[in-house]
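Commentary on secondary and tertiary structure
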Amino acid sequence: MWRTALVVAWVLVGAASLTACGGGSSPRAVMGTQGLRVTPGLEAALLAAGAAAHHLPVRDYVGLAKGMTYYALDGPVYWAAAKLVPRRSSGAAQRSVQDDGAYDVFTMYVLHGWTVYDDGLGTVKRTRCAIVVPTEVRITWHWSPYTPCGGPPGE
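It should be emphasised that the depicted structure is a prediction, and the values quoted were computed from it without experimental measurement. (Residues numbered from 1 in each chain as written. Predicted model: local features only at pLDDT ≥ 70, side-chain atom pairs only at ≥ 80, totals over all residues. Heavy atoms only, no water.)

Details of unusual backbone geometry
Applied cut-off: Per the convention used, a helix needs a DSSP run of H or I reaching at least four residues, while a strand needs a run of E reaching at least two, with both numbered from the N terminus.
Positive phi outside glycine occurs at Leu111, with the angle close to 70°. Positioned with a positive phi, His142 is a non-glycine residue whose angle comes to about 65°. Looking at the element boundaries, His142 is found in the segment after α4 (135–140).

In structure tokens, the structure reads:
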């Protein structure tokens, strides 16, 4: 009995956390994939996860590039993508956003933290993909379904 209560409590905590990070939905949905609203809480979570993935403190970045952050739910997986903006005074952060590190794709299962993948070269032919963004998510975000890994327009 207590195990069931514990599982229910964890699910509720996870759902509350996801709602705080931007659980609002947009009208765009493709085959069960739901585009979600990007909120300040989500941006903060992505910035923290991205900085950690680059082994740098959050203070080395000023935020996320405007108009380059995406968020969706595809089955049990939350997908996000963003471009971190480095602080001018941080050479390490400047280097972290070059080439493959120029853009990040994030995945998260309920009750887990964000996993970050470098995708700065995701639109380049013959690129080796750290992760492939599903076609349904790409369509929801208005990305090309034909690029090797994913990647936003203009990247």
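Some details on helix α2 (residues 40–53)
Here is the rule: A helix's residues, less one, multiplied by 1.5 Å, set its expected span. Throughout this description, buried means an accessible area under 20% of the type-specific maximum (1.4 Å probe, protein chains only), exposed means over 50%, and partly exposed covers the range between. The contact rule is simple, with two residues in contact once any of their heavy atoms fall within 4.5 Å.
Here α2 is 14 residues long and its end C-alpha atoms lie 20 Å apart, about the 20 Å a rise of 1.5 Å per residue gives. Among the residues of α2, Leu42, Leu46, Leu47, Ala49, Gly50 and Ala51 are the ones counted as buried. Packed against the buried residues of α2 are β3 (61–64), β4 (70–74), β5 (77–82), β6 (84–86), β7 (104–109) and β8 (115–118). Downstream of α2 by one or two residues, His55 has phi in the positive range, about 60°.

Things to note about the confidence of the model for the chain
Put simply, the rule is: Confidence scores per residue from the predictor, reported as pLDDT, run from 0 to 100.
This prediction gives the chain a mean pLDDT of 77; 72% of its residues lie at or above 70. Taken together, the stretch residues 1–27 has pLDDT below 50 and engages in 27 contacts with residues farther than four places along the chain or on a different chain.

Quick look at the nonpolar core
As a reminder of what qualifies: Buried Ala, Val, Leu, Ile, Met, Phe, Trp, Tyr and Cys residues that are joined via side-chain atoms within 4.5 Å together make up what is termed a nonpolar core.
Among the nonpolar cores identified, the biggest contains 20 residues, and Leu46, Tyr61, Tyr71, Tyr78, Phe106 and Trp114 are the most heavily contacted of them. At five residues, the largest contribution of residues to this core is made by α2. Residues contacting Trp114, with those up to four places away along its chain left out, are Leu42, Ala45, Leu46, Ala49, Tyr71, Tyr78, Trp79, Ala80, Phe106, Thr107 and Met108. In this structure, Tyr70, Val105, Trp141 and Trp143 belong to the second largest nonpolar core, which totals 14 residues.

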